[in-house]
2 protein chains.
Amino acid sequence: MTELTPTPTIEDYLGIIFTLERDGEEVIGARLSELLEVSAPTVTVTLRRMVRDGWINITPARKIELTPKGVDAAKAVIRRHMLTEWMLAKILNLPWSKVHEEAHRIEHSISSEVELSLIDKLDDPALCPHGNPMPGQESISSKWKPLSECITGDKIIIERIHEFLEEDPVLMDYLESNQIVPGKQAVINEILPFNKTITLKNESGIVTLGLDIAKSIYIEKQH
Amino acid sequence: MTELTPTPTIEDYLGIIFTLERDGEEVIGARLSELLEVSAPTVTVTLRRMVRDGWINITPARKIELTPKGVDAAKAVIRRHMLTEWMLAKILNLPWSKVHEEAHRIEHSISSEVELSLIDKLDDPALCPHGNPMPGQESISSKWKPLSECITGDKIIIERIHEFLEEDPVLMDYLESNQIVPGKQAVINEILPFNKTITLKNESGIVTLGLDIAKSIYIEKQH
DNA sequence: CATTCCCTTTAGTATGTACTAATACCATAC
DNA sequence: GTATGGTATTAGTACATACTAAAGGGAATG
Ligand SMILES: [Fe+2]
Ligand SMILES: [Fe+2]
Ligand SMILES: [Fe+2]
Ligand SMILES: [Fe+2]
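Predicted model, so just to flag it, every value in this text is computed and none were measured.

Moving on to the coordination of the iron ion (ligand 1). Each pair of donors in an ideal octahedron of six around a metal sits at 90 or 180 degrees, and each pair in an ideal tetrahedron of four sits at 109.5 degrees. All names here are of chain A. Summarising the metal site, the iron ion (ligand 1) is bound by the protein donors His 81 (NE2), Glu 85 (OE), His 100 (ND1) and Glu 166 (OE), whose distances to it range over 1.9 to 2.1 Å. The site at the iron ion (ligand 1) holds four donor atoms, and with the angles between them running 85 to 175°, its shape is irregular. Along the chain, the residues donating to the iron ion (ligand 1) fall in the pattern H-x3-E-x14-H-x65-E. A separation of 3.2 Å is found between the iron ion (ligand 1) and the iron ion (ligand 2), which are bridged by Glu 85. Of the two residues, Glu 85 sits in helix α4 (residues 68-91) while His 100 sits in helix α5 (residues 99-106), which places them 15 residues apart along the sequence. For the pair Glu 85 and His 100, a shared accessibility class is recorded, and that class is buried.

Structure follows, in structure tokens:
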């Protein structure tokens, strides 16, 4: 319980652990290694520090669990990340596809005073600009279905691009320039399971997406 | 010349070196040690890395000089610091006395895209909220005189609180709550050289300041 | 000339964060 | 049962950033 405030590195770990827990995914070191793009030994020693400092516990089965203190810190950094995304998007007019990576750096320097002010100026949003729920608002997104589960002819509204897709700037740019962003309508054109692709039609024309990507894009069906 | 982008620590060093150079002060390790509040050996090794990476040169007489690359990096971080101060003050309505320390953390995570957007939203300010000049705008502040050089009865306008005073949050809070902020009027009430104090009268009443502090507060005399 | 003051450096250490190479562990598949 | 694949750990290293203790240098002062 040494540390009062997590370092940026620890905040990154906390955020990913929280998100995996939220999604019901198995929270193990190998997942963190992949998502954080660091080597497995780095994860091992970092997790040891996190246990030492009271952010997480590790079960005998090597599962990672946030402590109450860890949950609080994780929620705080995710809130600040999402508020920063909105600030960059709405106040500074940065492109939707770029705000995640900018916010990912800035989130670690935001004080609670700034956070409160952002909540005020941005009208306490329940979702980030990509449709992911603020901590405590998970119920909003729980009614949306993965795009991968649609069938040909479905009329849909794009609602959410999962956090882990936000990490890929090339993908995000592709999604933005093809209008695959929250609030936009589309119709499912064609699904090719053997090809692992799904094709939709929207304002900007015909867009093809890999089915793996489509699993992490959530939609609402129209009437 | 290894590093392309300075670390936050190096950016802090660069900013202070730039400001000392600008003010015509002697730029030596001991000054950095004081202003950065780190030990002398820490400064020695950090400066060695800065020479190695091409940010500074150190003369045989132990004077520190920014290289052209160092000047560019220093100007960038100072610009971002000041723009962030304005963003916090004008857009997020944080108190004037608090924006420096918040901006000092955030400045290291601002990209040039965000910087350009801030310049646009904030109408390309020439001064920070404390009246210090943006890099390249030094001429604006050069006509102001130190408050310490006033005489009893002078009618003045506060114009500038020097960067190095911004570092002291207790002082900044004192100044703000006593209306010693850029744009405010005051009259010199009493100067006590033996006591090293200067007393002024303004909207908020009578305020006493130490003469050392008054040396770093710049004013304009009224007709 | 010796003392003092200011400044810098050396030496030794610590901590967080990263890496590679090699090893170990475990469950499942063949 | 042994091979495989996924996972985790140990061992060894590197680097940026910090510290204290101690030593060294130079200028000014007495
Ligand atoms: Fe994000
Ligand atoms: Fe987001
Ligand atoms: Fe400042
Ligand atoms: Fe300022």
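As a further point, take the interface of chain B and chain A. How big an interface is tends to be expressed through the accessible area that disappears when the partners come together. Of the residues lining the interface, 17 residues belong to chain B; the matching set on chain A comes to 17 residues. Taking both partners together, chain B and chain A bury about 1,400 Å²; carbon and sulfur atoms supply 64% of that area. Considering only the side of chain B, the residues that lose the most area to chain A are Leu 92, Ser 109 and Val 114 of chain B, jointly responsible for 33% of the buried surface there. Applying the counting rule to chain B against chain A returns nine residue pairs in polar contact (both at pLDDT 80 or more). Listing elements by their share of the side of chain B that touches chain A, those giving two or more residues are α4 (68-91), α5 (99-106) and α6 (112-121) of chain B. Class assignment for the residues of the side of chain B that touches chain A results in nine nonpolar, four polar and four charged.

Residues and elements named next belong to chain B. The protein atoms that coordinate the iron ion (ligand 4) are Glu 85 (OE), Cys 128 (SG), His 130 (ND1), Glu 166 (OE) and Glu 166 (OE), at distances of 2.2 to 2.7 Å. All donors of the iron ion (ligand 4) belong to a single chain; written as a sequence motif, their spacing is E-x42-C-x1-H-x35-E. Taken as a pair, the iron ion (ligand 4) and the iron ion (ligand 3) show a spacing of 3.2 Å, with Glu 85 coordinating each metal. Of the two residues examined, Cys 128 and His 130, each falls in the buried class.

The next thing to look at is the sheet that holds strand β5 (residues 185-192) of chain A. Residue and element names in this part refer to chain A. Overall, antiparallel pairing links the six strands, which are arranged β3-β8-β4-β5-β6-β7 in an open sheet. What marks the edges here is a single partner per strand, and that holds for β3 (145-146) and β7 (205-210). Pairing geometry for β3 and strand β8 (residues 217-221), over two bridges, is antiparallel. Each residue of the ladder has a partner; that of Lys 145, found in β8, is Ile 219. Relative to β7, helix α9 (residues 169-177) is tilted by about 155°, and along the sheet it contacts β4 (155-161), β7 and β8.

A few words on the domain arrangement of chain A. All names here are of chain A. Assigned domains within chain A: domain 1 (8-70), domain 2 (80-141) and domain 3 (145-221). Averaged C-alpha coordinates put domain 1 and domain 3 at centres separated by 30 Å. Between domain 1 and domain 3, the residue contacts involve five residues of the former and four residues of the latter. Where domain 1 abuts domain 3, roughly 380 Å² becomes buried across the two surfaces, and 58% of that area is made up of carbon and sulfur atoms. Considering only the surface of domain 1 that becomes buried against domain 3, Thr 19, Arg 22 and Leu 35 emerge as the three largest contributors, covering 70% of it. Applying the counting rule to domain 1 against domain 3 returns one salt bridge.

In the structure shown here, the tally under the stated rule is zero aromatic pairs over all chains. For the cation-ring pair, Lys 69 of chain A lies above Trp 55 of chain A, with the distance from its terminal atom to the ring centre recorded as 4.3 Å. Its guanidinium or amino end placed over the ring of Tyr 218 of chain B, Arg 160 of chain B lies 4.8 Å from that ring's centre, counting from NZ or CZ.

Residues and elements named next belong to chain A. In the sheet, strand β6 (residues 197-202) pairs with β7 via six bridges, with the strands oriented antiparallel. Residue Ile 198 lies in a different strand from β7, and its bridge partner there is Leu 209. Here β6 folds back onto β7, and the loop between the two strands holds two residues.

In this section: the relation of the copies chain B and chain A. Two chain copies, one operation linking them: a rotation about an axis together with a shift along it. Expressed as a screw transformation, the operator carrying chain B onto chain A has a rotation angle of 180° and an axial translation of 0.0 Å, and the superposed copies differ by an RMSD of 0.0 Å. Overall, the copies show the geometry of a two-fold rotation axis. Taking C-alpha positions as reference, the residue of chain B nearest the rotation axis is Ile 106 of chain B, located at 3.2 Å. When the interface residues of chain B are mapped onto chain A, 100% of them again fall at the interface, so both copies present the same face.

What counts and how
Residues numbered from 1 in each chain as written. Chains lettered and ligands numbered in written order. Predicted model: local features only at pLDDT ≥ 70, side-chain atom pairs only at ≥ 80, totals over all residues. Heavy atoms only, no water. Donors = N, O, S within 2.8 Å, 3.2 Å for Na, K, Ca; no water. Tetrahedral: all angles 85-135°; square planar, octahedral: opposite > 155°, others 65-115°. Helix = DSSP H or I, 4+ residues; strand = E, 2+ residues; numbered from the N terminus. Buried < 20%, exposed > 50% of the residue type's maximum accessible area, 1.4 Å probe, protein only. Contact = heavy atoms within 4.5 Å. Buried area = accessible area lost by both parts, 1.4 Å probe. Polar contact = N/O pair within 3.5 Å; in protein donor to acceptor, adjacent residues only side chain to side chain. Nonpolar A, V, L, I, M, F, W, Y, C, P; charged D, E, K, R; others polar. Pairing = 2+ DSSP bridges. Axes fitted to C-alpha atoms, helices over the stretch in contact; angles between N-to-C directions. Domains from an automatic or database assignment. Salt bridge = Lys/Arg side-chain N within 4 Å of Asp/Glu carboxyl O. Phe/Tyr/Trp six-rings, centres within 6.5 Å; stacked < 30°, edge-to-face > 60°. Lys NZ or Arg CZ within 6 Å of the ring centre and 35° of its normal. Least-squares fit on C-alpha atoms with pLDDT ≥ 70 in both.

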